[in-house]
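Examining the three-dimensional arrangement
Listed below, chain by chain, are the residues.
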Amino acid sequence: MTNKLQMVIAPLSGQPVLLSEVPDEVFSQKVLGDGVAIIPDDGKLYSPVNGEISTVAETLHAYGFTSDDGLEILVHVGLDTVGLKGEGFKPCVKEGDRVKVGDLVAEIDLDYIKAQGLNTITPVIICDGADEKQLCPASGHVTAGQHAVITLKDDAAEPAKEEPAAKAEAKPEASEKKGKINFDFLQKLGKVLMTVIAVMPAAGLMLSIGKLIQMAGADVSILMTIGATMEQIGWAIIGNLHILFAAAIGGSWAKERAGGAFAAIIAFVLINCITGSVFGVTSDMLATEGAVVHSLFGQEMLVENYFTEVLGRPALNMGVFIGIIAGFVGGVVYNKFYNFRKLPDALAFSTASASCP
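The notes below deal with the structure included here. Every chain's residues receive numbers from 1 upward, in the order its sequence appears when written. Only residues with pLDDT of at least 70 are given local features in this predicted model, and only at 80 or more are side-chain atom pairs given and counted; all residues enter the totals for whole chains, interfaces and linings. Just so you know, side-chain values use all the structure's heavy atoms and leave hydrogens and water out.

We now examine the overall build of the protein chain. Scanning the protein chain from terminus to terminus reveals twelve helices and 17 strands. Accessible area is worked out with a 1.4 Å probe on protein chains only. A residue is then buried under 20% of its type maximum, exposed over 50%, and partly exposed in between. Sorting the 357 residues of the protein chain into buried and exposed places 38% on the buried side. Residue contacts are counted whenever heavy atoms from the two residues lie within 4.5 Å of one another. Sequence-distant contacts in the protein chain: of pairs separated by 6 or more residues, those separated by 24 or more amount to 68%. Summed over its atoms, the accessible surface of the protein chain is roughly 19,800 Å², and 58% of this surface lies on carbon and sulfur atoms. To qualify as a helix, a DSSP run of H or I must reach at least 4 residues; to qualify as a strand, a run of E must reach at least 2; elements of each kind are numbered from the N terminus. Surface accessibility follows the Shrake-Rupley procedure with a 1.4 Å probe radius. Residue values consider only the protein chains on display as shielding.

Shown next, in the form of structure tokens:
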């Protein structure tokens with residue numbers, strides 16, 4: 001049995017580099033998928049596959065392709081180029097257009113991008129369709145429209161030839177164990193959580209120093225004010241860790257930090273509002289000692305033990321855990337729909353598209 005090969009042809013001429021070398025965690029940590037990056041020689045962007053243009057970013061810096069053999073590919077020109085708002089990009093296609101390998105997709109002014117202090121390295125990401133396939137990136141200089149920058153082959157056929165039956169049977173179990181514990185995911189999660197955890201010692205220090213100043217300057221009003229202010233700064237951070245976790249995780253997990261953080265805060269507000277409404281808890285019940293509600297299974301619950309006020313609304317008291325949930329929800333939803341432009345014309349903000357003459 002021979003391996004079935006799939007190829008992604010270079011969309012730009014240049015030098016391929018490993019995705020792990022891209023100085024942006026969204027790409028180097030493979031949040032959007034695996035692939036390769038190209039340091040481009042020129043600004044001619046060509047279709048890497050035969051298929052369809054699935055997305056064109058509103059800011060014209062990223063192009064999505066759906067190949068005829070089921071691959072979903074994202075070509076993201078440069079890093080942080082979304083901030084250019086389309087300057088330096090001249091698209092030659094629009095969403096829904098059919099393309100074949102070597103068709104001109106866009107013309108990019110690389111000199112302009114460099115003049116703005118931005119990196120022109122271009123990730124080529126396979127977002128979907130490459131499950132259980134071995135990805136082989138090109139290592140030498142590639143020419144757009146001619147050389148394969150990524151080769152995919154069936155990962156299952158080759159080991160079956162070389163390994164004894166006993167080993168071949170053992171492999172799925174090993175693969176299953178690997179699937180159950182995703183160490184790359186855990187490593188990224190640890191880095192994200194450390195973003196917020198890193199500020200907690202500073203908050204604790206503010207609390208301690210504020211208390212000490214108040215103790216030492218009990219007869220001096222200015223010292224009391226300074227000490228109380230420092231203490232409140234510490235409590236402000238400790239008391240709002242759930243919101244900080246949401247914003248930090250959403251911003252770190254999403255393709256674009258600002259959009260991800262914003263989506264996470266929206267998720268945080270909605271989730272808290274929903275948990276209070278589902279159980280029918282009101283603000284008056286929070287203030288009433290002994291008020292009770294019933295769980296979804298009919299069990300009686302003391303409102304004061306299970307609910308709190310978050311952003312002025314009753315919500316299930318889940319501490320920082322709700323912030324972690326909201327952060328992931330916001331980041332994942334943003335990555336999925338940040339470039340969603342398939343609304344009916346009556347609901348879309350703009351249906352205009354630019355193209356080459």
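Further notes follow.
The next point concerns the packing of aromatic side chains. Only the six-membered ring of Trp is used, alongside the rings of Phe and Tyr, when aromatic pairs are assigned; centres must lie within 6.5 Å, and planes under 30 degrees apart are stacked while those over 60 apart are edge-to-face, with the rest tilted. Taken as a whole, this structure holds one aromatic pair when the rule is applied. Taking 5.5 Å as the distance between ring centres and 65° as the angle between the ring planes, the aromatic pair formed by Phe279 and Phe307 counts as edge-to-face. In this pair, Phe279 is assigned in the loop between helix H9 (257-278) and helix H10 (283-287) and Phe307 in strand E16 (residues 307-310), connecting sequence segments 28 residues apart. Summarising the burial analysis for this pair, Phe279 and Phe307 share the class buried.

The subject of this paragraph is the nonpolar core. Among the nonpolar cores identified, the biggest contains 32 residues, and Leu45, Phe65 and Ile73 are the most heavily contacted of them. Breaking this core down by element, the ones donating at least two residues are strand E3 (34-40), strand E5 (51-56), strand E6 (62-67), strand E7 (72-76), strand E10 (104-108), helix H2 (110-115), strand E11 (122-128) and strand E13 (148-154). Ignoring any residue separated from it by four or fewer positions in sequence, one finds Ile73 in contact with Val8, Val49, Tyr63, Gly64, Phe65, Val124, Ile125 and Ile126. Within this scheme, the nonpolar core is defined by two criteria: the residues are buried Ala, Val, Leu, Ile, Met, Phe, Trp, Tyr or Cys, and they are joined through side-chain atoms within 4.5 Å. Grouped together as the second largest cluster of nonpolar side chains are 13 residues, Phe27, Ala62, Leu79 and Ile121 included.

Here the focus is the sheet that holds strand E9 (residues 98-99). Sheets are built from strands that pair by backbone hydrogen bonding, the pairs being arranged parallel or antiparallel. Strand order across the open sheet formed by seven strands is E2-E3-E11-E7-E6-E5-E9, with antiparallel pairing between neighbours. Each of the sheet's edge strands pairs with one partner strand only, and the pair in question is strand E2 (14-18) and E9. In this analysis, strands are considered paired if DSSP registers two or more bridges between them. Looking at chain direction, E2 and E3 are connected through five bridges and run antiparallel. The partner of Gly14 across the bridge, within E3, is Pro40.

As paired elements, E16 and strand E17 (residues 313-316) share four bridges and run antiparallel to each other. Bridge assignment links Phe307 to a residue of E17, and that residue is Leu316. Where E16 folds back on E17, the antiparallel hairpin that results is connected by two residues, among which Leu311 adopts a positive phi of roughly 55°.

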